[in-house]
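# Coordinate inspection notes
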Amino acid sequence: MVDASPAQEGSRLFSLRPHPCHRLSDPAGGRMVSPAIVVVTGPKESGKSTFCRELARAGVEAGLDVAGIVTTKEGPPARVTAGPAAPWGGPAAGRLVVTNLRTGRQSLLGAWTGTRWAMEEAGLAAGREALAAAVPCDLLIIDEIGRLELDHGRGWPEAFKLLAQGGFGQAVVTVREGYDGALLQALVQAQALTQAVPPSVAPQPQVVRVPRSPAAWQGLLQAVLARGAAPSEVVGL
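Since the structure is predicted, the reported quantities are computational estimates derived from the model, not experimental observations.

Before going further, it helps to examine the overall build of the protein. A count of helices and strands for the protein gives 6 helices and 8 strands. Reading the helices (α) and strands (β) of the protein from amino to carboxyl end gives β-α-β-β-β-β-α-β-α-α-β-α-β-α. When each of the 237 residues of the protein is scored for burial, the buried share is 48%. Residue pairs in contact within the protein that sit at least 24 positions apart in sequence constitute 71% of those at least 6 positions apart. Here the protein displays about 10800 Å² of accessible surface, and carbon together with sulfur accounts for 55% of that area.

What follows is the structure, encoded as structure tokens:
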């Protein structure tokens, strides 16, 4: 496993300066306000990670503190942070790369053997490290949760507790099509085990499909930035 050097201070797209988490309290009355979780689902190669990268960019441009992880197959050209190129070379669709959205650090997560993904434990550890330091934040992005976590308890299972506890204004988590039900069940179980957050302010999940049209894409992106999923996109839970 090879890590890219963190982007130099001053050239990072993503801020390292913590920002207040705007949705955690009501400015008028000071009471706790429930954060929101948007679960973005869709089939393989449907654009879930691309949406997360664009959402992260837009969030930073809007002045939000964006944290979490994005997983891509594109290699260095897909970097969302300015800085030195990853040392493992050029584009490699046969490799998975995980990016820490707050620091810009990239780590090799896995390689395609021709029949399966061979995961790098150091890359998984880098993702866990990014999630452990993600909150508090305005916008939390977790891309993605899948069979590794839901079927095998590996990968980033700590994400369920992180989502259940809150500490963010809006969270977006991606999941492969057909696994959204298992993800919601895991969130319910994590919320039941979490004592730090009262039920009245526990994060509320909503499920949306990856938008197919540019207009729907932009609509969902802006709705997420505004701390809520677009009603027309939401699947009733």
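Structure shown, so let's carry the discussion forward.
All right, on to the packing of helix H1 (residues 48-61) against helix H6 (residues 214-225) then. Viewed as axis vectors pointing N to C, H1 and H6 meet at an angle of 50°, and their least axial separation amounts to 10 Å. In terms of orientation, H1 and H6 fall into the oblique class. H1 and H6 meet at a crossing whose hand is right-handed. Residues Thr50, Phe51, Glu54, Leu55, Ala58 and Gly59 of H1 pack against Trp217, Leu220, Leu221, Val224 and Leu225 of H6. Its residues placed into classes, the contact of H1 with H6 shows 8 nonpolar, 2 polar and 1 charged.

Further remarks concern the packing of aromatic side chains. Applying the stated criterion across every chain, the model contains 2 aromatic pairs. Arranged with centres 5.5 Å apart and planes meeting at 75°, the rings of phenylalanine 51 and tryptophan 217 form a pair that is edge-to-face. With phenylalanine 51 in helix H1 and tryptophan 217 in helix H6, the pair connects residues that are 166 residues apart, well separated along the chain. Between tryptophan 112 and tryptophan 117 the ring centres are 5.3 Å apart and the planes differ by 65°, which places this aromatic pair in the edge-to-face class.

A few words now on the confidence of the model for the protein. Parts of the prediction with low pLDDT should not have their coordinates interpreted in detail. Averaged over every residue, the pLDDT of the protein is 74; residues scoring 70 or more account for 68%. Segment residues 1-33 is flagged for pLDDT under 50; beyond a separation of four residues in sequence, or across chains, it makes 82 contacts in the model. Predicted confidence for residues 228-237 stays below pLDDT 50, and this span has 21 contacts to residues more than four positions away or in other chains.

Interhelical geometry of helix H4 (residues 158-165) versus helix H5 (residues 180-193) gives an angle of 65° and a closest axis separation of 8 Å. Crossing handedness for the pair H4 and H5: right-handed. On H5, the residues that touch Phe160, Lys161, Leu163 and Ala164 of H4 are Leu183, Ala186, Leu187, Ala190 and Gln191. Taken together, the residues of the contact of H4 with H5 break down into 7 nonpolar, 1 polar and 1 charged.

Let's shift gears to the layout of surface pockets. Counted as a void, the largest pocket has a volume near 960 Å³. The wall of the largest pocket is formed by 31 residues, among which Lys73, Leu96, Trp117, Glu144 and Arg176 lie closest to the centre. Elements with a contribution of two residues or more to the lining of the largest pocket: H1, strand E2 (66-72), strand E4 (106-112), strand E5 (117-119), strand E6 (137-145) and helix H3 (147-150). Of the residues forming the lining of the largest pocket, the biggest block, 4 residues, is contributed by H1.

Cut-offs and rules
Residues numbered from 1 in each chain as written. Predicted model: local features only at pLDDT ≥ 70, side-chain atom pairs only at ≥ 80, totals over all residues. Heavy atoms only, no water. Helix = DSSP H or I, 4+ residues; strand = E, 2+ residues; numbered from the N terminus. Buried < 20%, exposed > 50% of the residue type's maximum accessible area, 1.4 Å probe, protein only. Contact = heavy atoms within 4.5 Å. Areas by Shrake-Rupley, 256 points an atom, 1.4 Å probe, with all protein chains shown as cover. Axes fitted to C-alpha atoms, helices over the stretch in contact; angles between N-to-C directions. Parallel < 35°, antiparallel > 145°, perpendicular 65-115°, else oblique. Left-handed = near helix turned anticlockwise from the far one by under 90°. Nonpolar A, V, L, I, M, F, W, Y, C, P; charged D, E, K, R; others polar. Phe/Tyr/Trp six-rings, centres within 6.5 Å; stacked < 30°, edge-to-face > 60°. pLDDT = per-residue confidence, 0-100. 1 Å grid on protein atoms, 1.4 Å probe; cavity = no way out; pocket = protein on both sides within 12 Å on 5 of 7 lines; lining within 4 Å. Points joined across faces, edges and corners; volume = space filled by probe spheres on them.

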